[in-house]
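Residue-level listing of the chains:
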Amino acid sequence: LNKASIDRGFGRCMVLRKHQTSIRRYANSMDRTCGPPDPGAFPRGEDDKRYARFRGIDRDGICMVGEKMESGSIMVNKESPTDTSAGGAG
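Residues numbered from 1 in each chain as written. Predicted model: local features only at pLDDT ≥ 70, side-chain atom pairs only at ≥ 80, totals over all residues. Heavy atoms only, no water.

Visitor: Please explain the overall build of the chain as it appears in this structure.
Guide: What the chain contains, in helices and strands, is two helices and two strands. Scanning the chain from its N terminus toward the C terminus, one meets helices and strands in the order α-β-α-β. Scaling as 2.2 N^0.38, a compact globule of 90 residues should have a C-alpha radius of gyration of about 12 Å, whereas the chain reaches 19 Å, well beyond that. C-alpha extents for the chain along the principal axes are approximately 70 × 30 × 20 Å. Across the 90 residues of the chain, 20% fall into the buried class. Considering only intrachain contacts with a sequence separation of at least 6, the fraction spanning at least 24 residues in the chain is 42%. Total accessible area computed for the chain in this model is approximately 7800 Å², and 49% of it derives from carbon and sulfur atoms. Computing the positive centroid from 16 side-chain charges and the negative centroid from 12, the chain places the two 8 Å apart. (Helix = DSSP H or I, 4+ residues; strand = E, 2+ residues; numbered from the N terminus. Rg over C-alpha atoms; globule rule 2.2 N^0.38 Å. Buried < 20%, exposed > 50% of the residue type's maximum accessible area, 1.4 Å probe, protein only. Contact = heavy atoms within 4.5 Å. Areas by Shrake-Rupley, 256 points an atom, 1.4 Å probe, with all protein chains shown as cover. Lys, Arg positive; Asp, Glu negative; His and termini not counted. Charge placed at Lys NZ, Arg CZ, Asp CG, Glu CD.)

Written out as structure tokens, the structure reads:
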């Protein structure tokens, strides 16, 4: 190896993976994507390991473009209802 090949990035690797999820509309319209939770909901705030899983999430609930994701990171923060019927609660 010479210095020029190292300067050009020889041996560097970037891995891109495609992930899919379905965002459905249910009859009772209770589904939505939402941004990361409030850090105050965690005992250690922004330093909490559970909150760190949400760092790649934008305000719309989907990970930001070009964000470096680590194992265990949440890519889509979506909520779906347990009762999907049109009747709703009550």
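So that's the structure; there's more coming.
Visitor: Sorry if this is basic, but what is going on with the pattern of salt bridges here?
Guide: In a structure, side chains of opposite charge can pair up when their charged atoms sit close to one another. For the structure on display, the rule yields two salt bridges. Between R50 and D48 there is a salt bridge, and its shortest N-O distance comes to 3.2 Å. R50 sits in the partly exposed class, given a relative accessible area of 46%. With a relative accessible area of 7%, D48 lands in the buried category. (Salt bridge = Lys/Arg side-chain N within 4 Å of Asp/Glu carboxyl O.)

Visitor: Explanation requested: the layout of surface pockets in the structure shown.
Guide: Think of a ball as big as a water molecule: rolled over the atoms, this probe shows where empty space is left. There is about 730 Å³ of room inside the largest pocket. Lining the largest pocket we find 21 residues, and of these R17, H19, E67, M69 and M75 sit closest to its centre. Among the residues making up the lining of the largest pocket, the classes are represented as nine nonpolar, seven polar and five charged. Forming the walls of the second largest pocket are A52, R53, R55, G56, E67, K68, M69, E70, S71, G72 and S73. A breakdown of the residues in the lining of the second largest pocket according to their chemical character gives two nonpolar, four polar and five charged. (1 Å grid on protein atoms, 1.4 Å probe; cavity = no way out; pocket = protein on both sides within 12 Å on 5 of 7 lines; lining within 4 Å. Points joined across faces, edges and corners; volume = space filled by probe spheres on them. Nonpolar A, V, L, I, M, F, W, Y, C, P; charged D, E, K, R; others polar.)

Visitor: Sorry if this is basic, but what is going on with the nonpolar core here?
Guide: By size, the foremost hydrophobic cluster in this structure holds five residues: F42, Y51, F54, I57 and I74. With sequence-adjacent residues up to four places away left out, F42 is seen in contact with P37, D48, R50, Y51 and F54. (Core = buried A, V, L, I, M, F, W, Y, C linked by side-chain atoms within 4.5 Å.)

Purely geometric numbers; function is a separate question.
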